[in-house]
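These are the residues of each chain, in order.
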Amino acid sequence: MKLQRKNGLRATALGALALSGALVLTACGSDDNTTPGSGEKTGAASNIKCDGAKGKLLASGSSAQKNAMDLWIKNYMAACSGIEVNYKSSSSGEGIVAFNQGTVGFAGSDSALKPEEVEESKKVCKSGQGINLPMVGGPIALGYNLSGVDKLNLDAPTIAKIFNGKIKNWNDPAIAKLNEGAKLPDKPIQAFHRSEDSGTTQNLGKYLGATAKADWPYEAEKKWPAPGGQAASGSSGVAAQVKQNDGAIGYFELSYATSQSIPTVNIATGAAAPVEATSENASKAIAAAKIKGTGKDLALDLDYATKAEGAYPIVLVTYEVVCDSGNKPETLGTVKSFLTYTAGDEGQKVLSEAGYAPIPAEINAKVRETVAGLK
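Described in the following lines is the structure provided in the data block. On a predicted model such as this, the values are computed, not experimentally measured, just so you know.

1. A closer look at the environment of Pro263
Phase 1: Note on placement: Pro263 falls in the loop between helix H8 (254-259) and strand S9 (266-268).
Phase 2: A sequence separation of 113 residues divides Pro263 from Asp150, and the C-alpha atoms of the two residues are 7.0 Å apart.
Phase 3: When near neighbours in sequence (up to four residues on either side) are disregarded, Pro263 contacts Leu142, Gly143 and Tyr144.

This is how it looks when you write it as structure tokens:
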């Protein structure tokens, strides 16, 4: 098999997300410590299993899951002495390209593999193909920066018109109608979107396509489809632009909003009240997801048009993309060990404490079974 290319990149800096003191980031392992480099557990207080893990594991992709991945890697590397996991936060599109080029052990993507990407993966997964393992759930927040406005409600048609440039000012009648009593300024809207191919962009497009087709006639693709607006790189780049510019609005995973104290839009879905972007509310929408993948592939079908009470509709699920069979022998053990942790109770608990939504238990049970059977 083609050998994994190695490089000296270190894991991206941790601590982007402020967590409560209740989040335990202690190292884990058993009292029977072994020497560094053995791939065995060291330290105390966890159930992370390092069996079969060795050396360095490279991964890349979705920036939406970066904050979760940072926490997972910190915990895992504290538990598994001598093991190094590097996750390059870029974009879903770049992650899938890297996976299909054979330069990473797994990729993170906010959208399931397309049929042509699955076909391409067979060149790397010599005896199998790439599959989607849902690992991280969460709301795509619409973060905004608008002086004097600490609460903002929007519905799908209005969001579509803001992001395709048809609504240009914050005191537009369509926005005012959804925010009675709010003092909306006569200020131009600066709408920011992702500059690179992004699964987050695609999920936002799926929501707008399902709920505001008349105002959002574009196909749900990873490349930003609409005219106008301003582009920024990665979820972190979009969040930074919103934070810096009064009158700005953009979309990114919720943890980017909470870590930078960026207020988020409540979505009017047709339920009794507009729905806030929270992990709990996203979980209500994700819990209704159905598995649409076949065989070992666990791609999900999400209901973006939900009107269920308290269900936040703009959600994403980040998949870890792996070979079902034909993984590189030098990284297979570490891939299985690391993903066993992220899909386990400890790894999923980190999600709920960090502003993400855990994968529903029934689906997660299938993820664990699939990870255990990777070859």
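On we go from here.
2. A closer look at empty space enclosed by the protein
Phase 1: Inspection of every chain in the model, using the stated rule, returns 1 cavity of 30 Å³ or more.
Phase 2: As a volume, the largest cavity reaches approximately 80 Å³.
Phase 3: Lining the largest cavity are 12 residues, with Val104, Gly105, Cys323, Asn327 and Lys328 positioned closest to its centre.
Phase 4: Ranked by the residues each element gives to the lining of the largest cavity, the list is headed by helix H10 (residues 329-343), at 3 residues.
Phase 5: Split into classes, the residues belonging to the lining of the largest cavity amount to 6 nonpolar, 5 polar and 1 charged.

3. Some points on the packing of aromatic side chains
Phase 1: Summed over the entire model, instances satisfying the criterion amount to 7 aromatic pairs.
Phase 2: Both rings, one in Phe106 and one in Phe338, keep their centres 6.0 Å apart while their planes meet at 25°; by these two values the pair is stacked. Residue Phe106 is located in strand S3 (residues 106-109), and its partner Phe338 is located in helix H10; the two are separated by 232 residues in the primary sequence.
Phase 3: Using a relative accessible area of 0% as the deciding quantity, one classes Phe338 as buried.
Phase 4: Taking the centre distance of 6.0 Å and the plane angle of 70° together, the rings of Phe163 and Tyr251 count as edge-to-face.

4. Here's the deal with the state of the cysteines
Phase 1: Within this structure, the stated rule accounts for 2 disulfides.
Phase 2: Paired through a disulfide, Cys50 and Cys80 show a sulfur-sulfur distance of 2.0 Å. On the sign convention where negative means left-handed, the S-S torsion of about -85° between Cys50 and Cys80 marks this disulfide as left-handed. Of this pair, Cys50 sits in the segment before strand S1 (56-61) while Cys80 sits in the loop between helix H1 (66-79) and strand S2 (84-89), and the two are 30 residues apart along the sequence. Considered together, Cys50 and Cys80 belong to a single accessibility category, that of buried residues.
Phase 3: What pairs with Cys125 in a disulfide is Cys323, and their sulfur atoms sit 1.9 Å apart. Disulfide Cys125-Cys323: the torsion about the S-S bond is -75°, which places it as left-handed. Placement of the pair is Cys125 in the loop between helix H3 (115-121) and strand S4 (130-145) and Cys323 in strand S12 (residues 315-323), with a sequence separation of 198 residues.
Phase 4: Sequence-ordered numbering of the disulfide-bonded cysteines in the protein gives the connectivity 1-2, 3-4.

5. Description of helix H6 (residues 199-211)
Phase 1: In this model, H6 (13 residues) spans 18 Å end to end at C-alpha, consistent with the 18 Å of a helix rising 1.5 Å per residue.
Phase 2: Looking only at H6, the buried set comprises Gly199, Thr200, Thr201, Gln202, Asn203, Leu204, Gly205, Tyr207 and Leu208.
Phase 3: Regarding H6, its N-cap is Ser198, as a side-chain oxygen of that residue lies 3.0 Å from the backbone nitrogen of Thr200 further along.

6. Comments concerning the pairing of S1
The two faces of a sheet get side chains in turn, since along a regular strand they alternate between them.
Phase 1: Of all 6 residues that make up S1, 5 are buried, and the element is covered over most of its length.
Phase 2: Where S1 meets S2, 6 bridges bridge the pair, whose relative direction is parallel. Across the sheet, the residue bridging to Lys56 is Glu84, located in S2.
Phase 3: Running through H1, the crossover from S1 to the neighbouring parallel element S2 is right-handed.
Phase 4: Two strands pair when backbone bridges link them, and S1 and S3 are joined in this way by 3 bridges, in the parallel orientation. Its bridge partner lying in S3, Ala59 is registered against Phe106.

7. A look at the side chain of Asp324
Phase 1: Mapped onto the elements, Asp324 comes out in the loop between S12 and H10.
Phase 2: Buried and without a salt bridge, Asp324 has Lys296 as its closest oppositely charged side chain, separated by 5.7 Å.
Phase 3: Filtering out sequence-adjacent residues up to four positions away, Asp324 remains in contact with Gly128, Gln129, Ile131, Lys296, Gly373, Leu374 and Lys375.

What counts, and at which threshold
The residue count restarts for each chain, going from 1 along the sequence in the order it is written. It should be noted that, the model being predicted, local features are given only for residues of pLDDT at least 70 and side-chain atom pairs only at 80 or more, the latter also being counted only at that level, while totals for whole chains, interfaces and linings use all residues. Heavy atoms throughout the structure, all of them, feed into the side-chain values; hydrogens and water do not. A run of DSSP states H or I qualifies as a helix once it reaches four residues; a run of E qualifies as a strand once it reaches two. Both are numbered from the N-terminal end. Two residues qualify as a contact provided that any one of their heavy atoms is within 4.5 Å of a heavy atom in the partner residue. A 1.4 Å probe that fits into a set of points on a 1 Å grid over the protein atoms alone but cannot get out defines a cavity; an open set with protein on both sides within 12 Å along at least five of seven lines defines a pocket, and lining residues are those with an atom within 4 Å of a point. Grid points are joined across faces, edges and corners, and a volume is the space filled by probe spheres set on the points. Each residue gets one label: Ala, Val, Leu, Ile, Met, Phe, Trp, Tyr, Cys and Pro are nonpolar, Asp, Glu, Lys and Arg are charged, and the others, such as Gly, are polar. Classification of ring pairs uses Phe, Tyr and Trp, with its six-membered ring standing for Trp, and accepts pairs whose centres are within 6.5 Å; under 30 degrees between planes counts as stacked, over 60 as edge-to-face, and the remaining range as tilted. The rule is simple: take the accessible area with a 1.4 Å probe, protein chains only, and divide by the maximum for that residue type; under 20% is buried, over 50% is exposed, in between is partly exposed. Cysteine sulfur atoms that come within 2.5 Å of each other are treated as a disulfide pair. In this analysis, the expected span of each helix is defined as 1.5 Å times one less than the number of residues it contains. Identification of polar contacts relies on pairs of N or O atoms within 3.5 Å, with a donor-acceptor requirement for protein atoms, meaning one able to donate a hydrogen and the other able to accept it, and with residues adjacent in sequence counted only if both atoms are side-chain atoms. At least two bridges found by DSSP between two strands is the condition for calling them paired. Crossovers are described as right-handed under a simple rule: with the strands pointing away from the observer, the path leading from the first strand over the helix to the second runs clockwise. His is not counted, nor are the chain ends; Lys and Arg add positive charge and Asp and Glu add negative charge. Salt bridge criterion: a side-chain nitrogen from Lys or Arg within 4 Å of a carboxyl oxygen from Asp or Glu.

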